[in-house]
Amino acid sequence: MPAEREIIYLDNNSSTRIDPAVLEEMLPFLTTRYGNPSGSHRFGAQVKEATNLAHERVAALLGCEPEEVVFTSCGTESDNAAIHSALQMTPERRHVVTTSVEHNAVLNYCEAVVRRGCHVTVVPVDEQGRLDPEEVEAAIRPETAIVSVMWANNETGVIYPVEKIAEICRAHGVFFHTDAVQTVGKMPIHLAGKPIHFLSLSGHKLHAPKGVGALYVNKKSRFQPLIIGGPQEGGRRAGTDNVASIVGLGKAAELAMETLEEENTRVRALRDRFEETLLDELEDVLINGDPKARLPTTSNLAFTGVDAQAVLLKLDQAGICCSLGSSCTTGAIQPSHVLRAMHFSNQRARSSIRFSFGRFNTEVELDEVLEILPRTIRRLRELVAS
Ligand code: PLP
């Protein structure tokens, strides 16, 4: 890696850098302000004030009420908790509807509920990763407890029509959950008055630390907690609050509110210049995912004829971080379930790379990537041809 600069981080859908302003607000709660917010002394009450403020800040970002925000340990826990709650609240309903492109936090939880005797319908997507709300509606049965559809996909950035699907669920009287881990802080969200019962988010995707998340629980929804114990979070998530991280997530939400529009324009422009230049300079580059409805941060590209792992390795050596469109599970490289669900050939999936942009990426970094990446692809293609 070149010594003169830090890495170029284009893996923001995977995790983000903690914003310095977030860290600054967290530090007192890791040092001097260590009281338990449930404590019955002023020292604890001051900490409680800080976690209350975090509720307010996250609520402002989501357009909901502070009491509707339940802090959890991560996006995965939030996803699990939403589906768990719906199945607990309606024990006579043993069916879940979800999609083939969900994160494993939803898909593997669904597999677990199948082992406990429930049924799950997985609605497919088309080759652009799009979901037809009518197919979701057709999957709903009288015994459906909950429909869970992500707001935007972590690999392709494809945005799903969750507000429309939420209306369908309202008409059928079933709970609706959306995994908005990749959406919160990247798109404006206003939950008040919407028939969305649950929404998941995760701190480390929006410049807060790892290990903290939140679940929005609509005040009109009945709810059964996943983690049972003390009365924290209004009895909806037991366990002593992870105060510093909750404070950090609150600050990150406030920053996201302030920067949403400007960042969106700036980051979208970076992503668009990235794609336009590559499509211009290289042949046989394909955009994976619906170009009309994608997060402004995400670019998932197939470089036909090259092995994405080889590209990733070369980029890593040049100090550029991005992600594969495949994962190494049992020692063998498997195309990602998302790209498989989009009916891609193994070859296309194995030549796919996800680049995800964020707040700290700059034009100068992009210039450098656009210098290195086309050269790398050309060389690898020459090697394959020779
Ligand atoms: N859902 C989506 C769409 C994600 O991208 C992720 C993380 O990559 C998760 C859920 C899980 O979030 P966490 O890492 O906070 O458990």
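Look above for the structure.
Cut-offs and rules
- Residues numbered from 1 in each chain as written.
- Predicted model: local features only at pLDDT ≥ 70, side-chain atom pairs only at ≥ 80, totals over all residues.
- Heavy atoms only, no water.
- 1 Å grid on protein atoms, 1.4 Å probe; cavity = no way out; pocket = protein on both sides within 12 Å on 5 of 7 lines; lining within 4 Å.
- Points joined across faces, edges and corners; volume = space filled by probe spheres on them.
- Nonpolar A, V, L, I, M, F, W, Y, C, P; charged D, E, K, R; others polar.
- Helix = DSSP H or I, 4+ residues; strand = E, 2+ residues; numbered from the N terminus.
- Pairing = 2+ DSSP bridges.
- Axes fitted to C-alpha atoms, helices over the stretch in contact; angles between N-to-C directions.
- Contact = heavy atoms within 4.5 Å.
- Patch = residues over 30% accessible without salt bridge, like charges linked within 9 Å, V, L, I, M, F, W, Y side chains within 5 Å.
- Areas by Shrake-Rupley, 256 points an atom, 1.4 Å probe, with all protein chains shown as cover.
- Salt bridge = Lys/Arg side-chain N within 4 Å of Asp/Glu carboxyl O.
- Lys, Arg positive; Asp, Glu negative; His and termini not counted.
- Charge placed at Lys NZ, Arg CZ, Asp CG, Glu CD.
- Phe/Tyr/Trp six-rings, centres within 6.5 Å; stacked < 30°, edge-to-face > 60°.
- Lys NZ or Arg CZ within 6 Å of the ring centre and 35° of its normal.

Some remarks on empty space enclosed by the protein
No. 1: Here the structure, examined in full by the defined rule, presents two cavities of 30 Å³ or more.
No. 2: Approximately 220 Å³ is the volume found for the largest cavity.
No. 3: Lining the largest cavity are 19 residues, with Gly-185, Lys-186, His-207, Thr-297 and Arg-359 positioned closest to its centre.
No. 4: Looking at the lining of the largest cavity residue by residue, the class counts come to seven nonpolar, eight polar and four charged.
No. 5: Lining the second largest cavity are Val-70, Thr-72, Glu-77, Ala-81, Leu-215, Phe-223, Leu-226, Ile-227, Arg-236 and Arg-237.
No. 6: Those elements that provide at least two residues to the lining of the second largest cavity are strand E2 (69-72) and helix H3 (75-89).
No. 7: Along the lines of polarity and charge, the residues of the lining of the second largest cavity split into six nonpolar, one polar and three charged.

Looking at the layout of surface pockets
No. 1: Its boundaries defined by the atoms lining it, the second largest pocket holds a volume of some 350 Å³.
No. 2: In terms of lining residues, the second largest pocket is bounded by 22 residues, among which Lys-194, Pro-195, His-197, Asn-218 and Lys-220 are the most central.

Examining the sheet that holds E2
No. 1: Taken in spatial order, the seven strands of this open sheet run E2-E8-E7-E6-E5-E3-E4, and their pairing is mixed. Strands with a single pairing partner mark the edges of an open sheet, and in this sheet they are E2 and strand E4 (119-123). Averaged over all pairs of adjacent strands, the angle between strand axes in this sheet comes to 20°, irrespective of strand direction.
No. 2: One ladder, built from three bridges, connects strand E3 (residues 95-99) with strand E5 (residues 144-148); its direction is parallel. From the neighbouring strand, His-95 faces E5, where its bridge partner is Thr-144.
No. 3: Helix H2 (residues 42-62) contacts E2, strand E7 (198-202) and strand E8 (213-217) of the sheet and is inclined by roughly 115° relative to E2.
No. 4: Helix H6 (residues 162-172) contacts E5 and strand E6 (175-179) of the sheet and is inclined by roughly 160° relative to E6.

Some points on a negative patch on the surface
No. 1: Together, Asp-132, Glu-134, Glu-135 and Glu-137 give the surface a local cluster of negative charge.
No. 2: Relative to the helices and strands, Glu-134 resides in helix H5 (residues 133-139).

Remarks on the packing of aromatic side chains
No. 1: In the structure shown here, the tally under the stated rule is six aromatic pairs.
No. 2: Ring pairing ties together the aromatic residues Phe-274, Phe-303, Phe-355 and Phe-357, which thus form one cluster.
No. 3: Over the ring of Phe-360 we find Arg-17, and its NZ or CZ is 4.5 Å from the ring centre.
No. 4: The positively charged end of Arg-348 is found above the aromatic ring belonging to Phe-344, 4.0 Å away from the centroid.

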